[in-house]
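Architecture at a glance
Listed below, chain by chain, are the residues.
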Number of protein chains: 2
Amino acid sequence: MEDTQKYALLGKMTAQPDQREALLSILLQASHLVSTAKGCHQYLVYKDLQTQDCIWISELWDSVEDHDNSLHLPGCRDLIMQAMPLLAGKPEKIELSLAGGKQ
Amino acid sequence: MEDTQKYALLGKMTAQPDQREALLSILLQASHLVSTAKGCHQYLVYKDLQTQDCIWISELWDSVEDHDNSLHLPGCRDLIMQAMPLLAGKPEKIELSLAGGKQ
């Protein structure tokens, strides 16, 4: 897939001690929620193997607008509200554009 | 896809000034090379939208062994040797395990 227009997002989150699994569960629900959203090509959730409380998310969208619109999907706000108390600090957001590769 | 065994890798690289496009081209060749490698589910190359000379790669493999084996594919070493002079510093490697989500 050689498409330089797609918008990608990496998110890095640190859970409160012993809350990674709870936070993962919420993020996996979010992945199900947005998987049908317009323009969503990928929403993967990972555990960091080197940093105990750390979670990463990688998202791939047709456009930043599609990503932003998905935040208004029914249920999305609720999941964000559930996740916030489990976070230790502000999530890190890395905005990217896809240059290409195998997806 | 709910599969907690898969091995994922995020790589962050900084190109020498004005060398991002040249480095991207090499990494896209690498993505073609490994796309047929055993256990390779994803090898995507991105430009960082906030940091001018920065490139990210996201890889998804059945196992860390499959990833490591791919480094021995014919042509892989050559691409690594081509890329090295274009790098400004050591690439950052973030090792992850997939918790799930939409791929």
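Predicted, not measured: the structure shown is a model, and the values here were computed from it. (Residues numbered from 1 in each chain as written. Chains lettered and ligands numbered in written order. Predicted model: local features only at pLDDT ≥ 70, side-chain atom pairs only at ≥ 80, totals over all residues. Heavy atoms only, no water.)

Here's the deal with the UniProt feature "domain: ABM" (unreviewed entry) in chain A
Note the threshold: UniProt positions are given in the numbering used here, feature names are shortened, and annotations may be inferred rather than shown by experiment. Each helix is a run of H or I in the DSSP string that is no shorter than four residues. Each strand is a run of E no shorter than two, and both are numbered from the N terminus.
Here the UniProt-annotated "domain: ABM" (unreviewed entry) positions come out as residues 7–96 of chain A. Taken end to end, residues 7–96 of chain A has its terminal C-alpha atoms 6 Å apart, with 33% of it in helix and 33% in strand.

Observations concerning unusual backbone geometry
Notably, Asp18 of chain A is not glycine yet its phi reads approximately 65 degrees, a positive angle. With respect to the helices, strands and loops of the structure, Asp18 of chain A is situated in the loop between strand E1 (7–14) and helix H1 (20–34).

Some remarks on the environment of Asp18 of chain B
Stated formally: Each residue is assigned to one of three classes by its accessible area relative to the maximum for its type, calculated with a 1.4 Å probe on protein chains only: buried under 20%, partly exposed between the two thresholds, exposed over 50%.
Take Asp18 of chain B: its relative accessible area is 71%, and that puts it in the exposed class. For the pair formed by Asp18 of chain B and Lys38 of chain B, sequence separation is 20 residues and the distance between their alpha carbons is 34 Å.

A look at the relation of the copies chain B and chain A
To be explicit about the condition: Here the copies are superposed with least squares, the fitted atoms being C-alpha atoms of residues at a pLDDT of at least 70 in both. Here, two residues are considered to be in contact whenever any of their heavy atoms come within 4.5 Å of each other.
Superposition record for chain B on chain A: RMSD 0.0 Å, screw rotation 180 degrees, translation along axis 0.0 Å. On this basis, the relationship between the two copies can be described by a two-fold rotation axis. Counting the interface residues of chain B, we find that 100% of their copies in chain A are interface residues as well, pointing to one common contact surface.

What about the sheet that holds strand E4 (residues 92–102) of chain B?
Rules: One bridge is not enough; two strands pair if DSSP finds at least two bridges between them. The axes used here are C-alpha line fits, helices contributing only the stretch in contact, and every angle between their N-to-C directions lies in the interval 0 to 180 degrees.
The strand order around the closed barrel built from 8 strands is E1(A)-E3(A)-E2(A)-E4(B)-E1(B)-E3(B)-E2(B)-E4(A), with neighbouring strands paired in antiparallel fashion. Strand-to-strand twist across the sheet, computed as the mean angle between neighbouring axes with direction ignored, equals 30 degrees. Relative to strand E2 (residues 40–48) of chain A, H1 of chain A is tilted by about 170 degrees, and along the sheet it contacts E1, E2 and strand E3 (54–61) of chain A together with E4 of chain B. In the packing of helix H1 (residues 20–34) of chain B onto the sheet, contacts are made with strand E4 (92–102) of chain A together with strand E1 (7–14), strand E2 (40–48) and strand E3 (54–61) of chain B, and the angle to E2 of chain B comes to roughly 170 degrees.

What to know about the side chain of His67 of chain B
Residues and elements named next belong to chain B. Relative to the elements of secondary structure, His67 occurs in helix H2 (residues 64–70). Under the relative-accessibility criterion, His67 is labelled buried at 7%. Once you skip the residues sitting within four places of it in the chain, His67 turns out to touch Tyr7, Leu9, Glu59 and Trp61.

Details of the interface of chain B and chain A
The condition is simple: Buried area counts how much accessible surface, traced with a 1.4 Å probe, disappears from two parts once they are put together, with both parts' losses summed. We define a salt bridge as a contact between a side-chain nitrogen of Lys or Arg and a carboxyl oxygen of Asp or Glu at a distance within 4 Å. N or O atoms closer than or at 3.5 Å make up a polar contact, with two conditions inside protein: a donor-capable atom paired with an acceptor-capable one, and, for residues adjacent in sequence, both atoms drawn from side chains. Residues are grouped as follows: nonpolar covers Ala, Val, Leu, Ile, Met, Phe, Trp, Tyr, Cys and Pro; charged covers Asp, Glu, Lys and Arg; every other residue, Gly included, is treated as polar.
Residue-level contacts link 34 residues of chain B with 34 residues of chain A. In total, about 2900 Å² of surface goes out of reach between chain B and chain A, with carbon and sulfur atoms giving 62% of it. On the chain B side of the contact with chain A, Leu44, Tyr46 and Lys102 of chain B bury the most area, a combined 22% of that side's loss. Along the contact surface separating chain B from chain A lie 0 salt bridges. Our count for the chain B to chain A interface comes out at 16 residue pairs in polar contact (both at pLDDT 80 or more). Of all the secondary-structure elements, those providing two or more residues to the side of chain B that touches chain A are E1, H1, E2, E3 and E4 of chain B. With 10 residues, E4 of chain B is the largest single contributor of residues to the side of chain B that touches chain A. Looking at side-chain class alone, the side of chain B that touches chain A contains 18 nonpolar, 10 polar and 6 charged residues. Examined bridge by bridge, E2 of chain A and E4 of chain B share 6 bridges and lie antiparallel to one another. The residue bridging Asp48 of chain A from the neighbouring strand is Leu96 of chain B, located in E4 of chain B.

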